[in-house]
Amino acid sequence: TPLTPPLPSVERAPVVGAGDQNLFTSIYPTLSQQLPREPMEWRRSYGRAPKMIHLESNFVQFKEELLPKEGNKALLTFPFLHIYWTECCDTEVYKATVKDDLTKWQNVLKAHSSVDWLIVVVENDAKKKNKTNILPRTSIVDKIRNDFCNKQSDRCVVLNDPLKDSSRTQESWNAFLTKLRTLLLMSFTKNLGKFEDDMRTLREKRTEPGWSFCEYFMVQEELAFVFEMLQQFEDALVQYDELDALFSQYVVNFGAGDGANWLTFFCQPVKSWNGLTLRKPIDMEKRELIQRQEATLLDLRSYLFARQCTLLLFLQRPWEVAQRALELLHSCVQELKLLEVSVPPGALDCWVFLSCLEVLQRIEGCCDRAQIDSNIAHTVGLWSYATEKLKSLGYLCGLVSEKGPNSEDLNRTVDLLAGLGAERPETANTAQSPYKKLKEALSSVEAFEKHYLDLSHATIEMYTSIGRIRSAKFVGKDLAEFYMKKKSPQKAETYLQGALKNYLAEGWALPITHTRKQLAECQKHLGQIENYLQTSSLLASDHHLTEEERKYFCQEILNFASEQTDSPGHKVVLPMHSFAHLRDLRFTPSNAVVHVGGVLSVEITVCSQMPVPVHMDQIAISVHFSIEKNSYRKTAEWLTKHKTSNGIINFPMETSPFPASQNSLPALELYEMFERSPSDNSLNTTGIICKNVHMLLRRQESSTALDTPSGVALDDGAPVLKCCGVTLEPGANTITFRTQAKEPGTYTLRQLCASAGPVCFVLPHLYPLAQYDVYSQEPQLHVEPLADSLLAGIPQKVKFTVTTGHYTVKNGDSLQLSNVEAMLILCHAENKAVIYSNTREKASDASLRVQSSDKVTSISLPAAPAYHMIEFELEVLSLPSAPAAGGEGESTMLGMTEAQRKPKDTQKADHCMATTDHKVSIECPWSIYSTVIALTFSVPFRTTHAVLSAGTRKYIQVCVQNLSELDFRLSDSDLVDTGDSTDLQLLPLNTKSQQHICSRQSVFFVWELTWTREPPPSLRGRFSMEFRPASEERLSISLKPYTYEFQVENFFTLYTVKAEILPPAGTELCRTGSLCALEVSITRLSDLLEVDRDEALTESDEYFSTKLMYEVVDNSSNWAVCGKSSGVISMPVVAQATHRVHMEVMPLFAGYLPLPDVRLFKYLPHHSAHSSQLDADSWIENDSLSVDKHVDDQLDSSSIKSRGSVHSAASSEHKGLPMPRLQALPPGQVFNSSTGMQILVIPSKDDHVLEVSVT
Amino acid sequence: MFLCLRILAKEYPYKPRSVPTENELKFHYMVHTSLDVVDEKISAMGKALVDQRELYLGLLYPTEDYKVYGYVTNSKVKFVMVVDSSNIALFDNEIHSMFQKL
């Protein structure tokens, strides 16, 4: 809603009319209505922006007195334009009267040097018609122009039939009005400019003695009036603001010692303090005071502000009024101080209070509710200021005290009321006028209370509604003070708590302290003992208070504690944090683990925040006991392993006095958690634990409710650690609790409670968690090897650990070990045992007696107390049992490469040592059951054997491989034939001396095998050797030799095979791509032997022969075998019978090529089925596909096909059919003399036409 | 020049430094209350705040005896200065430059 339309507080600029008064009267209504209708552009001096203004004028009749005299400063009454009105259309009349009149008028104007004039000739057609001697219309105008407007013909205008409703009339009016406006504006511009210049000149003189601010004020205000008249409120306001600033500057200068003498007038004592008056546009009363130079500072300021207020309201800026009002009130107070004006006490408070309300009411008067509500931010300052002032008036006039005002107060009140004077007439009828309010408020204690509470509540509500909570709390605190004075502490408490909460939340130390102090008083009055004691404890520890104050509050607590001892049972529970701070906690033993019956001490450091030593009856820590479900976790082993802390727990300083802000929650404390199985240490559970969940997940409100002791719950009835009669000195105190562990389990320290009389200071939670564990343990025996693994055959050390647990080992207690045959317990003359305490500290040494009988070895234990450990070592020896003899021992032809052995077997046995387990049963004194301990011994050696051939000569090779980490010394190696063949002899080819065998290395032993008669089909050998660890020069006992048994069969050489490749005829060397001859000769070395008697042997005429199949294979693809590569031959079983085979081969590569392999098989006839010794595997391995084909070539096709189907499993119909079979000759029976031979092949001359044909 | 200056960062509410110690409590209350206006002004500026390097908040809280001025850096550190009202000659730009010197 717009403001009320501007009231014509200022008269309009006068336009003075002369001439025909009746005519003017008839025209005036139209004129005054039409003039302001069209705006005119007003171009202004000094580069000010042009403005569009509507001109309004006050038309007055010409009188000579109206004309301003020389030096007149009045602008408001200045005649801006003179208009002469005439209706004359008769030359005669003109000559007779009008001309004279005009001349006289002009002369007067000239005499006053007034140049702004206009002559209006109104023509009236009706009038003209009546006249007979009518001259042309223009003649009169011309005459006038001629006579008066010598160069300014535009100063005479014609208005046609102004009262008619015709277009001609309209046109004429428009032209006239335009002219009028232009001239009026010209006059304004000119006269205003002149006025402003004069005014400036006057202002420049302000330093001259005798210059009067009031005079100048009147001049500039004149200008303001003119602008206001022109509805240029902004410009008008500028005039007042300039005056305001000028005055303020003078006051400041005065304060700086540069006083203007006119200012002293404003320094007269304040006698009236009736506040601002804003309800009249112009307070003429005050204006006159200023004009008469009788205004006081407050009068001047009041008038000035009232004018500014009026203009601001015209400008629809009510909120600026509020803001300026506050500034004005503040600065007035300051200015009066600065000018050292004497002001009766309370006078200014009255003035400010009245002014605040006046401004607020003025604003409310021109705005609606919604506007006001949405602009509280602008007005609330005034409300608050008014409240403040009323409060101080209340205190001043004794209206707040309990007893009511005394006579002095009443006198003061009377004086104050006198200064208000009588109520102004404009508010006399307003019920809630500021004047009435103040008067009423000062009239009685009750009325004051009502008004003050109304104002305070309104202010608090307003602050709260716009979110200025802090300000609201601050007003609330004033209110609380008021209530305290009125002895209504219960009302005060709410406000104090509210404010305190706010300060606490934002961490304002001084206000917290101050408010707490007030709150303490309030709580004391209310009899809230717990709250009071708690606040007292907070204050006693508050470093912002003086030592005396702190002591006072501390004493309050102590007094209460000592007074109330007669009424037991009732306890006052207070939080600990304000009283003392738990700094750290130290367990002894440091791992906080103690066995049943052991003594644990807890030492805490408490920093007392009290200013004086405080004697506490008792300090107690309540303990929560829980039985761990996982019993493993309670063993000493686990506890000592997992609790590695140094026993000191530091408690962070509680942030209680300043919880800096709500959102500063502690950081997450996350820990990894692994739980392993007790038996094999494998991972059972893993996870992440948040250790401070209770800090993070608690409700927000509860964290701020620091002042409510109800939040502290006392752990009643829980077991406690106690310390009685402790005096806490200010600062750090150390208190030690001792306890003897009883039941096994986990004990968590929960609460710390310091009590004096009925007062308990409780720390409700100890965080970080402080726990100690009590355990009970069964006695245990552990036996474990000292090294990684035990080796068989040599003495090894085994560690025995007896964990006594709750059992006390007495003298005479012994361990009874049942003896195992293959394992000896080596008894030494002296055995030592060491006794350790529970914390692995060595307690004592003791000797150990070991007695062995046939069945039992008895170890007498030294006496040891409970929860100790006895450790000792024993040497044991596992007798090396002979490993299972390798009947399948491999016989290898001399020169045969390792790669040709079966790779699977060798790899498998390479790294693993053979093991033997020995179980020992031990009887322990604490148990009726015996403990069985398994000890695993590894055999350090792996032994293999081989038969090597050189023609018919045979050698036995034994390879001993050391698999262990130790080095050994070997000696006395021996190989004996355990079979019954007497004519066999084994000649050692080995050194007699000791041999050193390093870890992971092998030693070979070789014997030549000789015989005198027919060689036996098999040999049973037993290898044995002495060994001892290389590191030990002497052993106390003799060790058993290491043995290895094996058997070899069919080792006698029956055939030698010799292959030879010859270059093509006529050349010296083989060439790639050219055919060479391969000569194979197979020679029988012996006559018929037992081993030959098999199915292949045919007899005819005492002549024996056997069937052999040969095969040439080149696995390395160096050779292409041309033609047949295999064949069956009939071999006479006679010594030196030789069979030669000729074949053609072609080298594929150049270089020294090894010869192709020639293999020999026994070819068993088909009638001897079902007894095949040739297993499919070896058959496939030995036979290659190419061989198959060659065999196919040579043999009759049907038989070879059926043979092939055996391994290809193509059909089952051949099963059972007679078929020839191949049987590999045992490697010892064939000696290939050309193994390892190589032949030089040179590249062919024209490689590029190398053609390989393979049939 | 100034009677009390308080620097307020979110994390570290500095202790106000004030010249006459007997009025310390009063200043604390005053500065605290003026924060209402600081908050109001900052929230009124809203996003414009982000773009500006610094912010002079102007007169926050005039009282009869003191004037409270505010200043906020772009890191949201608030400066609140209490000036004696009798220093009428102190103009805004002077206060501004005082803040900038800080």
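Look up a bit, the structure's there.
Residues numbered from 1 in each chain as written. Chains lettered and ligands numbered in written order. Predicted model: local features only at pLDDT ≥ 70, side-chain atom pairs only at ≥ 80, totals over all residues. Heavy atoms only, no water.

Draft legend 1. Region of the structure containing the packing of aromatic side chains. All names here are of chain A. All told, the structure shown has 35 aromatic pairs over all chains when counted by the stated rule. Seen from their ring centres, Phe482 and Tyr483 are 5.9 Å apart, and the 55° between their planes marks the pair as tilted. Residues Phe482 and Tyr483 agree in their burial class; the two are buried. The positively charged end of Arg155 is found above the aromatic ring belonging to Trp117, 5.6 Å away from the centroid. (Phe/Tyr/Trp six-rings, centres within 6.5 Å; stacked < 30°, edge-to-face > 60°. Buried < 20%, exposed > 50% of the residue type's maximum accessible area, 1.4 Å probe, protein only. Lys NZ or Arg CZ within 6 Å of the ring centre and 35° of its normal.)

Draft legend 2. Looking closely at the interface of chain B and chain A. Counting from both sides, the interface comprises 24 residues of chain B and, opposite them, 27 residues of chain A. Across the chain B/chain A interface, buried area totals approximately 2,400 Å², and carbon plus sulfur atoms make up 59% of it. When the area that chain B buries against chain A is broken down by residue, the three leading residues are Tyr29, His32 and Glu64 of chain B, summing to 33%. For the interface between chain B and chain A, the tally reads 4 salt bridges. Arg468 of chain A serves as the salt-bridge partner of Glu40 of chain B, at 2.7 Å between the closest nitrogen and oxygen. Inspection of the chain B/chain A interface yields 12 residue pairs in polar contact (both at pLDDT 80 or more). Within the residue set of the side of chain B that touches chain A, elements represented by two or more residues are β1 (4-8) and α1 (24-45) of chain B. Sort the elements by how many residues they give to the side of chain B that touches chain A and α1 of chain B lands first, with 12 residues. In terms of residue class, the side of chain B that touches chain A is made up of 10 nonpolar, 6 polar and 8 charged. (Contact = heavy atoms within 4.5 Å. Buried area = accessible area lost by both parts, 1.4 Å probe. Salt bridge = Lys/Arg side-chain N within 4 Å of Asp/Glu carboxyl O. Polar contact = N/O pair within 3.5 Å; in protein donor to acceptor, adjacent residues only side chain to side chain. Helix = DSSP H or I, 4+ residues; strand = E, 2+ residues; numbered from the N terminus. Nonpolar A, V, L, I, M, F, W, Y, C, P; charged D, E, K, R; others polar.)

Draft legend 3. How the structure looks around the side chain of Thr605 of chain A. Residue position: Thr605 of chain A is located in strand β11 (residues 599-608). The contact partners of Thr605 of chain A, leaving out residues within four places of it in the chain, are His581, Leu582, Arg583, Asp584, Ala732, Asn733 and Thr734 of chain A.

Draft legend 4. Fine view of the side chain of Ser302 of chain A. Residues and elements named next belong to chain A. Here Ser302 lies in helix α9 (residues 297-314). Of the residues examined, Ser302 reaches a relative accessible area of 3% and is grouped as buried. If near-sequence neighbours (up to four positions away) are discounted, Ser302 is found in contact with Gly275, Leu276, Lys286 and Trp351.

Draft legend 5. Structural context of the sheet that holds strand β39 (residues 1042-1049) of chain A. Residue and element names in this part refer to chain A. Spatially, the 4 strands line up as an open sheet ordered β36-β34-β38-β39, and their pairing is antiparallel. Edge strands, defined here as strands with exactly one partner in the open sheet, are β36 (995-997) and β39. Adjacent strand axes in the sheet meet at a mean angle of 35° when their direction is disregarded. Bridging between strand β38 (residues 1018-1029) and β39 involves 8 bridges; their strand directions are antiparallel. From the neighbouring strand, Leu1019 faces β39, where its bridge partner is Val1048. (Pairing = 2+ DSSP bridges. Axes fitted to C-alpha atoms, helices over the stretch in contact; angles between N-to-C directions.)

Draft legend 6. Inspection of the pairing of strand β20 (residues 770-775) of chain A at higher detail. Residues and elements named next belong to chain A. Here β20 lies mainly inside the structure; 5 of its 6 residues are buried. Looking at chain direction, strand β10 (residues 593-595) and β20 are connected through 3 bridges and run parallel. Note that in β20 the partner of Val594 across the bridge is Val774. Summarising the sheet, strand β18 (residues 745-756) and β20 pair through 5 bridges and their orientation is antiparallel. When the bridges of β20 are listed, Gly745 appears paired with Val774.

Draft legend 7. Expanded view of helix α6 (residues 213-229) of chain A. All names here are of chain A. For α6, built from 17 residues, the straight-helix expectation of 24 Å at 1.5 Å per residue is met to within 8% by its first-to-last C-alpha distance of 24 Å. By the criterion of burial, α6 is predominantly enclosed, with 16 of the 17 residues buried. Between the side-chain oxygen of the N-cap and the backbone nitrogen of Cys214 there are 3.2 Å, and the N-cap of α6 in question is Ser212. Following α6 by one or two positions, Gln231 has its phi on the positive side, about 60°. (Expected span 1.5 Å × (residues − 1).)

Draft legend 8. Spatial organisation of the environment of Leu721 of chain A. Residue and element names in this part refer to chain A. By the secondary structure assignment, Leu721 is in strand β16 (residues 720-728). A relative accessible area of 6% places Leu721 in the buried class. Separated by 17 residues in sequence, Leu721 and Arg738 have C-alpha atoms that sit 7.4 Å apart. The contact partners of Leu721, leaving out residues within four places of it in the chain, are Val602, Ile619, Ala620, Ile621, Val623, Phe737, Thr739, Leu749 and Tyr772.

Draft legend 9. Broad picture of empty space enclosed by the protein. All names here are of chain A. All chains considered together, the criterion is met by 7 cavities of 30 Å³ or more. In this structure, the largest cavity encloses a volume near 120 Å³. Around the largest cavity, the lining is made up of 14 residues, and of these Asn274, Glu358, Arg424, Pro434 and Tyr435 lie nearest the centre. Elements with a minimum of two residues in the lining of the largest cavity: α11 (347-366) and α15 (434-441). Of the residues that constitute the lining of the largest cavity, the class distribution is 5 nonpolar, 5 polar and 4 charged. (1 Å grid on protein atoms, 1.4 Å probe; cavity = no way out; pocket = protein on both sides within 12 Å on 5 of 7 lines; lining within 4 Å. Points joined across faces, edges and corners; volume = space filled by probe spheres on them.)

Draft legend 10. Inspection of the pattern of salt bridges at higher detail. Residue and element names in this part refer to chain A. Under the defined criterion, the tally for this structure stands at 42 salt bridges over all chains. For Asp116, the salt bridge is made with Lys190, and the minimal N-O distance between the two is 3.1 Å. Residue Asp116 is located in the loop between α2 (91-111) and β6 (117-123), and its partner Lys190 is located in helix α5 (residues 167-204); the two are separated by 74 residues in the primary sequence. The partner of Asp283 in a salt bridge is Lys280, and the shortest N-O contact between them spans 3.8 Å. Residue Asp283 is classed as buried on the basis of its relative accessible area of 7%. The network of salt bridges with common partners includes Glu234, Asp241, Arg317, Glu320 and Arg324.

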